[in-house]
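Below, each chain spelled out in residue letters.
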Amino acid sequence: MVEDANAVILTFGSYRLGVHGPGADLDTLCIGPSYVNREEDFFYTFHDILASMDEVTELQPVPDAHVPVMKFKFDGISIDLLYASISCLIVPEELDISDVSVLHNIDEPTVRSLNGCRVADQILKLVPNIEYFRTTLRCLKFWAKRRGVYSNVTGFLGGVNWALLVARVCQLYPNAVPSMLVSRFFRVYTQWRWPNPVMLCSIEENELGFSVWHPLRNPRDRSHLMPIITPAYPCMNSSYNVSASTLRVMMEQFQYGNKICEDIELNKVGWSALFVPYVFFEGYKNFLQIDVVAADVDDLRAWKGWVESRLRQLTLMIERDTIGKLQCHPYPREYIDDTRKCSHSAFFMGLQRKQGEVVQEGQQFDIRGTVEAFRHSINMYMFWKPGMDIHVSHIRRRQIPCYVFPDGFKRSRPSRSTVPVENRPKSLQENEVSGTELRGRNIKRKYDDKGVKQDVVLKKHCANPFVESLTPGNYAVSDCQELKSGESTSLTNSEQDELDRRMSPEAGTECGSNSSGVTSVSSEDGSPEYVASVSVAGYVDDSARAVEAMNNSRFDTTYMADSVKLGIGTLASANNEVLQDTLQTHLEPIAMAGMFLDSTKESFDSEACSKDSNKASSSSLTTVM
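Definitions and cut-offs
- Residues numbered from 1 in each chain as written.
- Predicted model: local features only at pLDDT ≥ 70, side-chain atom pairs only at ≥ 80, totals over all residues.
- Heavy atoms only, no water.
- Helix = DSSP H or I, 4+ residues; strand = E, 2+ residues; numbered from the N terminus.
- Buried < 20%, exposed > 50% of the residue type's maximum accessible area, 1.4 Å probe, protein only.
- Areas by Shrake-Rupley, 256 points an atom, 1.4 Å probe, with all protein chains shown as cover.
- Pairing = 2+ DSSP bridges.
- Polar contact = N/O pair within 3.5 Å; in protein donor to acceptor, adjacent residues only side chain to side chain.
- Contact = heavy atoms within 4.5 Å.
- Core = buried A, V, L, I, M, F, W, Y, C linked by side-chain atoms within 4.5 Å.
- Axes fitted to C-alpha atoms, helices over the stretch in contact; angles between N-to-C directions.
- Parallel < 35°, antiparallel > 145°, perpendicular 65-115°, else oblique.
- Left-handed = near helix turned anticlockwise from the far one by under 90°.
- Nonpolar A, V, L, I, M, F, W, Y, C, P; charged D, E, K, R; others polar.

Undergrad: What's the story with the overall build of the protein chain in this structure? I'm lost.
TA: Along its length, the protein chain carries 13 helices and 16 strands. Here the protein chain holds 625 residues, and 50% of them are scored as buried. Total accessible area computed for the protein chain in this model is approximately 30100 Å², and 51% of it derives from carbon and sulfur atoms.

Undergrad: Sorry if this is basic, but what is going on with the pairing of strand E8 (residues 343-353) here?
TA: Along any regular strand the residues' side chains alternate between the sheet's two faces. Counting buried residues in E8 gives eleven out of eleven residues, a clear majority hidden from the surface. Residues Ser343, Ser345, Phe347, Met349, Leu351 and Arg353 of E8 are buried on one face, and the alternating residues His344, Ala346, Phe348, Gly350 and Gln352, pointing to the opposite face, are buried as well. Inspection of the sheet shows strand E6 (residues 286-294) paired to E8 by nine bridges, in the antiparallel sense. Looking at the pairing, Asn286 lines up with Leu351 of E8.

Undergrad: What is the right way to look at the side chain of Thr154 in this model?
TA: Structurally, Thr154 is set in the loop between helix H4 (130-146) and helix H5 (159-172). Only 2.6 Å separates the side chain of Thr154 from the side chain of Ser151, close enough to count as a polar contact. Aside from chain neighbours lying at most four places away, what touches Thr154 is Thr246, Arg312, Pro330 and Pro332.

Undergrad: Even after reading the chapter, I still don't get the nonpolar core, so can you show me in this structure?
TA: Taken as a class, soluble globular proteins show a tendency for nonpolar side chains to be buried jointly. Ranked by size, the top nonpolar core spans 62 residues in total, and within it Ile123, Phe133, Trp143, Trp162 and Phe185 carry the most contacts. Those elements that provide at least two residues to this core are helix H3 (108-126), H4, H5, helix H6 (178-190), helix H7 (244-265) and E8. With residues up to four places along the chain from it excluded, the contact list for Trp162 reads Leu137, Lys141, Trp143, Ala144, Val149, Tyr150, Leu157, Phe185 and Phe254.

Undergrad: What am I meant to see in the packing of H4 against H5 here?
TA: For any two helices packed against each other, the geometry comes down to the angle between their axes and how far apart the axes lie. At a closest axis distance of 10 Å, the pairing of H4 and H5 adopts a crossing angle of 135°. The angle between H4 and H5 falls in the class oblique. Read as a crossing pair, H4 and H5 show a hand that is right-handed. Here H4 contributes Phe133, Thr136, Leu137, Leu140, Lys141, Trp143 and Ala144 to the contact with H5, which in turn contributes Trp162, Ala163, Val166, Ala167 and Cys170. For the contact of H4 with H5, the class distribution of residues is ten nonpolar, one polar and one charged.

Undergrad: What is the right way to read the sheet that holds strand E2 (residues 26-32) from this model?
TA: Sheets are built from strands that pair by backbone hydrogen bonding, the pairs being arranged parallel or antiparallel. Taken in spatial order, the five strands make up an open sheet running E1-E2-E5-E4-E3, and their pairing is mixed. The open sheet has two edge strands with one neighbour each: strand E1 (8-11) and strand E3 (56-62). Strand-to-strand twist of the sheet, defined as the mean angle between neighbouring strand axes without regard to direction, takes the value 25°.

What follows is the structure, encoded as structure tokens:
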């Protein structure tokens, strides 16, 4: 038996599909006889053999993963090695991995290990043109990495997921060339109605009794948000890691890709526009920073891998504890601070309130308990060593450390002086002006033909949606007929009195407004053109269209509602009555609210290398909406 003992090494993943590139991991599967098991022989005996070899470096066993794997580098080449023990005393040299007979008398982890090779073979059999499939898949994988949505462990999509999505598009357009397949990829998946599954073939049942993806029969499968089903028996959902937050991010990126492809078809832009990197730190105002430290590089490698595999749980816990109202965007990239005395690695997660949710002033999301529970689960690592530590803290955009930027320093932002005055948004305090002040700003003195000074109201420019609010009071829409800028008009005394009355603070039902400042701007024929909402108390602008000068304001929190273009008829009656509930109903679903946190970020220096930093307070994790 010893003389006849053998094992077979097979490849899977990108290498087996023919879409591997420089620096890619080499996914391999070791198939051994029935008497060689995974727990003792592979992860202990074989691990020690590899550790004694000079060619092997960065050896890292991950026995408790969903698919147990041994990670290492052999002569500088990254290798992910899986093990499967089949029910044979001698493994055939010409083993047909696609044959269902190899699944006899094996356990679930072994089935998942074998499925990597089986799925890759089935994909190549089911696509109409292998070369077109490979070219399209290379393009989409590169795009996904540039846009930050390529990572199965973080909750996005991995290599096999992208391969299945591309293969399905190839089936839908069997005669399309790669350039059209890329365009149709985004068109198909921006319109895909998830959680309808993506399948290359029908789900196969078998007498072996292994569980297959079936949401009607398996309650656990009903919770999958983006099911992408493998074509080999037993058919499984390969994208079970996707959460509500990561699905939202991917759908946004699909829409981005679809828009760029439409512009490419119209010859507006070139293909390079599709691969513009996603600027993660410009997309959010609030972040969670997860610092991982260890005593040395080897300990950090194992510790970091464990923490990274659990980041998906932090996303799910925040979604659960905030009932989905606080959305997370885990960024699948690690950053290193070389200035620290200890081995360090950092991950970042963008935070924002769910768009479209009605938010009340002072609403809070306290995630301190969530983060503490996450840290507790991380510290259950069975291979923990002294010096391994994790620290989670909240930072704002202006607090982002310099080491995350390519050149080691932040890009300069335009100063407040460079923003045109008429386009510069105002803070809550700046917008709270009385009717008397506003009247003084908008009325200038003119001489008539007889040399008598007359008051003339100046019309606001309609291009500027940030209209100054009037007096605190009831919600109201102004029906004042304003004049074109620069137009000289003589007003009689009676007309001037009427104008003063309408602009006075007491005239709440005609021209008054509160701090939510809603003012209609009239067109030349007197009909309202649009209504702009300004300074809604309790709302923080979270739109990408917000002027960057907001971030440089002297106020830590600037309240500004998104500009809303609505027909005046939807908000006011013919008599321009005071709007209360009606206005609130229209503004709340549209206002884009961001979030900020009460406390400042706690310092985290080299002392975090010690175990004592586990006791660091997380008081900065109270999120106020």
